[in-house]
Amino acid sequence: MRRVTLKPGADLDGFRRAVRALAAAGVAPEEVAWTSEGDDLFGDAVPADLPAEAPPLSLPRELGQTIAEVVPHSDPERYGLLYGVIWRVTHGERAALQVASDPIVHRLDQMRKAVRRDIHKMHAYVRFRKVEGASPERFVAWFEPEHFILEVAAPFFEERFRSMLWTIVTPIGSVAWDGSRMSFGPPGTKRDAPGVDGFEAGWTDYYESTFNPARANPKLMRQHMAKKYWHNMPEAAAIPRLVRSASSRVEAMLDREASVPNKRAPEGALAAMLDQAPASLEELNAIIRSAGPLVPGATQAVVGEGPEGAGIAFVGEQPGDEEDLMGRPFVGPAGRLVDGALGEAGIERRDVYLTNAVKHFKFEQRGKRRIHSKPTAGEVSHYRWWLMRELDLVRPKLVVALGGTAVLALTGKSIPITRARGPAELLDGRRGFITVHPSYLLRLPDEKAKRSAYEAFVGDLVRVRELGGAGALAA
Ligand code: URA
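A.B. asks: Give me the overall build of the protein chain: which residues, what numbers.
C.D. replies: A tally of helices and strands in the protein chain yields 19 helices and 14 strands. For the protein chain, with 475 residues in total, the buried portion stands at 49%. The contacts in the protein chain between residues at least 6 apart in sequence include a share of 74% that link residues at least 24 apart. About 23100 Å² of surface is accessible on the protein chain, with carbon and sulfur atoms providing 53% of the total.

Right, dumping it as structure tokens:
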């Protein structure tokens, strides 16, 4: 019997090294005992009588993916089960993983799903609390995952909370972001995270302000938010009260609908923190409207316009001066150019959805004029969560990125339009099409160049119509 000792937690590297050595030496699964360091402090991933470095195995891609996803599971049998399947795949049963009725394959699949669920829960339920008196401001969250998911779940927080200094403490380890890099540390206890504070109170306020009483369904809420996590979540304390007062709040909400609130509310990042996907465009738009602009000055938020279910969605940069005053997208000079080009391409404006990557007008005041000022990458990422939820709700077959800011918002990358123009895959696997921003056409100084650039733009829109089935409502 060979004893393989891996590090506690998800030791993917150790597992890979051990598998290579065992497979190279022809050691069958039933001859291996898998343990973690906690059980045996003196072992090594590769048994002493086997070569420390063996060549990698050639495994089907989905098996590689399954290994990476199952290793973080907390079941101590996971390594043995995985090695069993690897053995079968490398000994004539290449498609072993495709046999869904196989009990081992089924069990591995259940583990994968459990790990994914756990990651999702961590993303949704981690709640940061401000460390009292810390300078610079720091936040700590406590979370209890069921599996060893800390390392795989952490990049999400890096991406979302870049501008905060934070630590997430769990019983299996901790992860901290210092503003420029993430580092992993030892486990902690619940006492390492501060208790209720002003930040939490603000959060609860925010939850209350975005809580949709018309959708109050306590059973569903319990299903989505397992009770186990409630004690970590300040807003959970408000739920029973909110549910009790739901019907009177529905009426109040309907009354309020007509008057647009313009109070300063938490930022997009905070909405993202809550990860509470709105159920309708109206609900999403209400959240966007209630959040003030990142940069002061805008009259109002300009939300998207067009039918939910439109086959094509166009995403521009940000509202301009006229859009800001009217509260509608693409109604200024660039919008008029778009209207003309859509018409020439055989697309009805009323059939498509038009929106912007950034929902507020950012400008520089020069005398009486408000001069458009380009949003920064940080501002674009601030609004991205909203844009993505918007597209989830509209469900277009094709999303058209108009210009560089939209490309950044929809792909997460800064790519020159000249290189990217045409069909493209966007974030979350959305089908996209990249073309120029209409303002670029307006700025071209030379009439001839302007004409030919405009014709090329109309040509793009004709392709867009073909790809997106303009006017056709998504199934
Ligand atoms: N108007 C908008 O609404 N968006 C743009 O990107 C430009 C003008």
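A.B. asks: If you had to explain the pattern of salt bridges to someone new, which residues and values would you point to?
C.D. replies: One pass over the structure, following the stated rule, counts 25 salt bridges. Of the charged contacts in the structure, one is a salt bridge between E137 and K130, with a shortest N-O distance of 3.5 Å. The residue E348 makes a salt bridge to R350 at a minimum N-O spacing of 3.7 Å. Judged by relative accessible area, E348 falls into the partly exposed class, the value being 38%. The exposure class assigned to R350 is exposed, which follows from its relative accessible area of 64%.

A.B. asks: So what's going on with the pairing of strand β6 (residues 173-177)? Which residues, and what values?
C.D. replies: By the criterion of burial, β6 is predominantly enclosed, with 4 of the 5 residues buried. Where strand β5 (residues 165-170) lies against β6, 5 bridges are found, and the strand directions are antiparallel. Note on β6: the bridge partner recorded for T170 is G173. The loop that links β5 with its antiparallel partner β6 comprises 2 residues. Pairing analysis gives 4 bridges linking β6 to strand β7 (residues 182-185), with the strands arranged antiparallel. Paired with A176 across the two strands is S183, which belongs to β7. Counted between consecutive antiparallel strands, the loop separating β6 from β7 contains 4 residues, among which G179 sits at a positive phi close to 100 degrees.

A.B. asks: Give me the site of the ligand: which residues, what numbers.
C.D. replies: Lining the immediate environment of the ligand, one finds G316, E317, Q318, P319, E323, P329, F330, A334, N356 and H437. Within the backbone of E317, an N or O atom sits 2.8 Å from an oxygen atom of the ligand. For the ligand, a nitrogen atom lies 2.6 Å from a polar atom in the side chain of N356. Notes on the ligand: free accessible area 230 Å², of which the protein chains cover 94%.

A.B. asks: Outline the environment of P423, supporting the account with residue identities and numerical values.
C.D. replies: Tracing the chain through its elements places P423 in strand β13 (residues 422-425). Along the backbone, P423 and F433 are 10 residues apart, and their C-alpha atoms lie at a distance of 4.2 Å. Beyond its immediate stretch of four places on either side in the chain, P423 contacts G432, F433, R463 and L467.

A.B. asks: I'd love a proper account of the sheet that holds strand β3 (residues 129-130), names of residues and values included.
C.D. replies: Spatial strand order, β3-β4-β5-β6-β7: 5 strands in an open sheet with mixed pairing. Here the strands that pair on one side only, and so sit at the sheet edges, are β3 and β7. Here helix α5 (residues 150-160) sits on the sheet and contacts β5, β6 and β7; the angle it forms with β7, its principal contact strand, is near 145 degrees.

A.B. asks: Residues and numbers for the packing of aromatic side chains, please.
C.D. replies: Under the criterion given, the structure shown has 13 aromatic pairs. Among the aromatic side chains, those forming a connected cluster through ring pairs are F15, W34, Y79, Y83 and W87. We note R370 situated over the ring of F363; from NZ or CZ to the ring centre the distance is 4.8 Å.

A.B. asks: Any details on helix α3 (residues 78-90)? Residues and values, ideally.
C.D. replies: The terminal C-alpha atoms of α3 lie 18 Å apart, and with 13 residues this matches the ideal 18 Å at 1.5 Å per residue to within 8%. Within α3, 11 of the 13 residues are buried, leaving the element largely enclosed by the surrounding structure. For α3, the set of buried residues is R78, Y79, L81, L82, Y83, G84, V85, I86, W87, R88 and V89. Directly after α3, the chain includes G92, whose backbone phi takes a positive value near 95 degrees.

A.B. asks: An account of empty space enclosed by the protein is needed here, citing residue identities and associated values.
C.D. replies: A complete count under the given rule lists 2 cavities of 30 Å³ or more for this structure. Its volume calculated, the largest cavity comes out at about 60 Å³. If you trace the largest cavity, you find it lined by P293, L294, V295, Q318, V358, H360, F361, K362, P375, E379 and Y383. Here the lining of the largest cavity is built from residues that sort into 7 nonpolar, 2 polar and 2 charged.

A.B. asks: Can you explain unusual backbone geometry? Please cite residues and give values.
C.D. replies: Between S135 and P136 the backbone carries a cis peptide bond, its omega angle lying at 0 degrees. In this structure, P136 sits in the loop between β3 and β4 (138-142). The backbone of D428 shows a phi angle near 60 degrees, a positive value even though the residue is not glycine. Given the relative accessible area of 58%, D428 is considered exposed.

A.B. asks: Pulling in residues and values, what's your account of the nonpolar core?
C.D. replies: Core analysis: the largest hydrophobic core is formed by 57 residues, its most contacted members being F314, W386, V400, L410, F457 and L461. For F314, the residues in contact, after removing those within four places along its chain, are L342, V352, Y353, L354, T355, V400, L402, L461 and V464. L6, A18, V70 and L97 belong to the second largest nonpolar core, which has 31 residues in total.

Cut-offs used in this document
- Residues numbered from 1 in each chain as written.
- Predicted model: local features only at pLDDT ≥ 70, side-chain atom pairs only at ≥ 80, totals over all residues.
- Heavy atoms only, no water.
- Helix = DSSP H or I, 4+ residues; strand = E, 2+ residues; numbered from the N terminus.
- Buried < 20%, exposed > 50% of the residue type's maximum accessible area, 1.4 Å probe, protein only.
- Contact = heavy atoms within 4.5 Å.
- Areas by Shrake-Rupley, 256 points an atom, 1.4 Å probe, with all protein chains shown as cover.
- Salt bridge = Lys/Arg side-chain N within 4 Å of Asp/Glu carboxyl O.
- Pairing = 2+ DSSP bridges.
- Near = heavy atom within 4 Å.
- Polar contact = N/O pair within 3.5 Å; in protein donor to acceptor, adjacent residues only side chain to side chain.
- Axes fitted to C-alpha atoms, helices over the stretch in contact; angles between N-to-C directions.
- Phe/Tyr/Trp six-rings, centres within 6.5 Å; stacked < 30°, edge-to-face > 60°.
- Lys NZ or Arg CZ within 6 Å of the ring centre and 35° of its normal.
- Expected span 1.5 Å × (residues − 1).
- 1 Å grid on protein atoms, 1.4 Å probe; cavity = no way out; pocket = protein on both sides within 12 Å on 5 of 7 lines; lining within 4 Å.
- Points joined across faces, edges and corners; volume = space filled by probe spheres on them.
- Nonpolar A, V, L, I, M, F, W, Y, C, P; charged D, E, K, R; others polar.
- Core = buried A, V, L, I, M, F, W, Y, C linked by side-chain atoms within 4.5 Å.

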